[in-house]
Amino acid sequence: MHAHPLNIAHRGARAHAPENTLAAARLAHACKADMWELDTCLTKDGHLVVIHDDTLERTTDVAKRSEFADRAPWPVDAFTLEEIRSLDAGSWFGEKDPFGTVASGEVAAADIASFKGEKIPTLEEALRLTKYLAWRVNVEIKSHSGLAGHATVTREVVASIKKMEMEDSVLVSSFQHVYLREAAALLPAAPRAALVEKPAPGVASPSGRNAGTAVVVSLTAEEAAAMCATAKSAFLHPDKSFLDAAFVAALRDKGHAINVWTVNTPEDLRRMVEYGVHGIITDFPARLHAML
Ligand code: G3P
Ligand code: CA
């Protein structure tokens, strides 16, 4: 067990900057996070970009762009990299205030203005910034089940990591455990983490591009260790609702470390520190840093 858990900024410092942008990464680094987490998926023309959702609507201005009106609901894989790079991925943060940090005054007006025009980064840009900062990053490969990129996305991610010579500063994770087995074969030096979540209310198992991802109602430490072994991953990345102190200790005894997500409230952060998890993935890295 670490004396302190790793402070892992979820999609960057996403409570105070637009998620999955270089601005959010820089802010997380300034907040003294130990590393950041990002999501990556393929564009229509096969480039890796950093974005969480299947579609561009929530985190860009695509819905305001008349030339793209006929492409609603704007799936990421229906757009080329050039088109995606023309979008504003920063202004929405000040407009939607997703964590209430704009209304509360925690985010300065000058910062909100500076987010305007922020681009969706390519994975390579995100890796380059991480390397420049001598920092670390958790690259979550989003599921491409049923899409053209399903067979190639891991290879593309590995190629980017190799090109940037960042095997030692990247942690690869996915809910699609086949990608982790592929990564183990293609880039054994980079550590891997098996993501697991509980089913959404009323949804027995995910469909569409998330088909085949790791979703379970409950998880014993034995089952979690078996899941890690099958996914060729030293780390387990569970939703926080799976955890109690006994589970964390038992999995640690089996040689696996836990980075838990997404932990935000002071009470939950404190509880996860007490459980002795290896790392905490949080939208509020400054809050966690102040606590540690
Ligand atoms: O990697 C932890 C967490 O980010 C997984 O869920 O939906 O936020 O990508 P999600
Ligand atoms: Ca993620």
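Since this is a predicted model, take the numbers as computed values, not measurements.

Trainee: Run through helix α1 (residues 22–30), naming residues and quoting values.
Mentor: Every buried residue of α1 is accounted for by L22, A23, A24, A25 and A28. Where α1 is buried, its residues touch β1 (6–10), β2 (35–42), α4 (109–115), α5 (123–132) and α11 (285–291). Taken from the residues just after α1, K32 is the one with a positive phi, measuring 70°.

Trainee: So, the environment of A211: which residues are in play, and what are the values?
Mentor: Relative to the helices and strands, A211 resides in the loop between β6 (192–196) and α8 (221–230). Overall, the relative accessible area of 24% leaves A211 in the partly exposed class. Spatially, the C-alpha atom of A211 lies 9.9 Å from that of F175, the residues being 36 residues apart in sequence. Contacts of A211, omitting those with residues within four sequence positions, involve S143, S145, Q176 and P206.

Trainee: Help me get a handle on unusual backbone geometry, residues and values and all.
Mentor: Phi is mostly negative for residues that are not glycine, and the peptide bonds are mostly trans. Looking along the chain, the bond that leaves A72 and enters P73 is cis, with omega of 5°. One non-glycine residue, E165, adopts positive backbone phi at about 50°. Assignment of secondary structure puts E165 in the loop between α6 (153–163) and β5 (170–174).

Trainee: Could you give me a rundown of the site of ligand 1, with the residues and numbers involved?
Mentor: The environment of ligand 1 is made up of H10, R11, E37, D39, H52, E140, K142, F175, L195 and W261. Within the side chain of E37, an N or O atom sits 2.7 Å from an oxygen atom of ligand 1. Computed on the free molecule, ligand 1 has an accessible area of 290 Å², of which 90% lies beneath the protein chains in the complex. Its residues assigned to classes, the shell around ligand 1 shows three nonpolar, two polar and five charged.

Trainee: Can you explain the pattern of salt bridges? Please cite residues and give values.
Mentor: Per the counting criterion, the structure on display carries 17 salt bridges. Across the salt bridge formed by E19 and R58, the nearest N and O atoms sit 2.7 Å from each other. You can see E19 sitting in the loop between β1 and α1 and its partner R58 sitting in the loop between β3 (48–50) and α2 (81–85), a full 39 residues away along the chain. A salt bridge links R65 to E67; the shortest N-O distance between them is 2.8 Å.

Trainee: If you had to explain the nonpolar core to someone new, which residues and values would you point to?
Mentor: One finds L127, L236, L243, F247, I258 and V277 to be the most contacted residues of the largest nonpolar core, which totals 57 residues. Of the residues forming this core, the biggest block, five residues, is contributed by α8. In contact with L236, not counting residues within four places along its chain, are A194, V196, L219, A224, M227, C228, F247, L251, A257, I258 and N259.

Trainee: Quick rundown of the packing of α5 against α6? Include the residues and the values.
Mentor: Their axes nearest at 10 Å, the elements α5 and α6 cross at an angle of 35°. Here the hand of the crossing between α5 and α6 comes out right-handed. Across the interface between the two elements, L123, E124 and L127 of α5 pack against V157, S160, I161 and K163 of α6.

Trainee: How would you explain the coordination of the calcium ion (ligand 2) if you had to name every residue and give the values?
Mentor: Of the protein atoms, only E37 (OE), D39 (OD) and E140 (OE) coordinate the calcium ion (ligand 2), at distances of 2.1 to 2.2 Å. The class of E37 is buried, set by a relative accessible area of 4%.

Trainee: Give a description of the environment of R252 that names residues and reports values.
Mentor: With respect to the helices and strands, R252 occurs in helix α9 (residues 245–253). For the pair R252 and M291, spaced 39 residues apart in sequence, the C-alpha to C-alpha distance is 23 Å.

Trainee: Please set out the side chain of T59 residue by residue, giving values where relevant.
Mentor: With respect to the secondary-structure elements, T59 resides in the loop between β3 and α2. Residue contacts for T59: discarding those within four places in its chain leaves E19, I51, D88, A89 and W92.

Trainee: An account of the packing of aromatic side chains is requested, with residue identities and associated values reported.
Mentor: Each aromatic ring pair is described using two quantities: the centre-to-centre distance and the angle formed by the ring planes. One pass over the full model with this rule turns up six aromatic pairs. Each ring, one from F68 and one from F79, has its centre 5.1 Å from the other, and the planes form 70°; the classification is edge-to-face. Taken together, the residues F68 in the loop between β3 and α2 and F79 in the loop between β3 and α2 connect sequence positions 11 residues apart. With respect to burial, F68 and F79 carry one shared label: buried. Relative to W261, the ring of F175 has its centre 5.8 Å away and its plane inclined at 85°; by these criteria the two rings are edge-to-face.

Criteria and cut-off values
- Residues numbered from 1 in each chain as written.
- Chains lettered and ligands numbered in written order.
- Predicted model: local features only at pLDDT ≥ 70, side-chain atom pairs only at ≥ 80, totals over all residues.
- Heavy atoms only, no water.
- Buried < 20%, exposed > 50% of the residue type's maximum accessible area, 1.4 Å probe, protein only.
- Helix = DSSP H or I, 4+ residues; strand = E, 2+ residues; numbered from the N terminus.
- Contact = heavy atoms within 4.5 Å.
- Near = heavy atom within 4 Å.
- Polar contact = N/O pair within 3.5 Å; in protein donor to acceptor, adjacent residues only side chain to side chain.
- Areas by Shrake-Rupley, 256 points an atom, 1.4 Å probe, with all protein chains shown as cover.
- Nonpolar A, V, L, I, M, F, W, Y, C, P; charged D, E, K, R; others polar.
- Salt bridge = Lys/Arg side-chain N within 4 Å of Asp/Glu carboxyl O.
- Core = buried A, V, L, I, M, F, W, Y, C linked by side-chain atoms within 4.5 Å.
- Axes fitted to C-alpha atoms, helices over the stretch in contact; angles between N-to-C directions.
- Left-handed = near helix turned anticlockwise from the far one by under 90°.
- Donors = N, O, S within 2.8 Å, 3.2 Å for Na, K, Ca; no water.
- Phe/Tyr/Trp six-rings, centres within 6.5 Å; stacked < 30°, edge-to-face > 60°.

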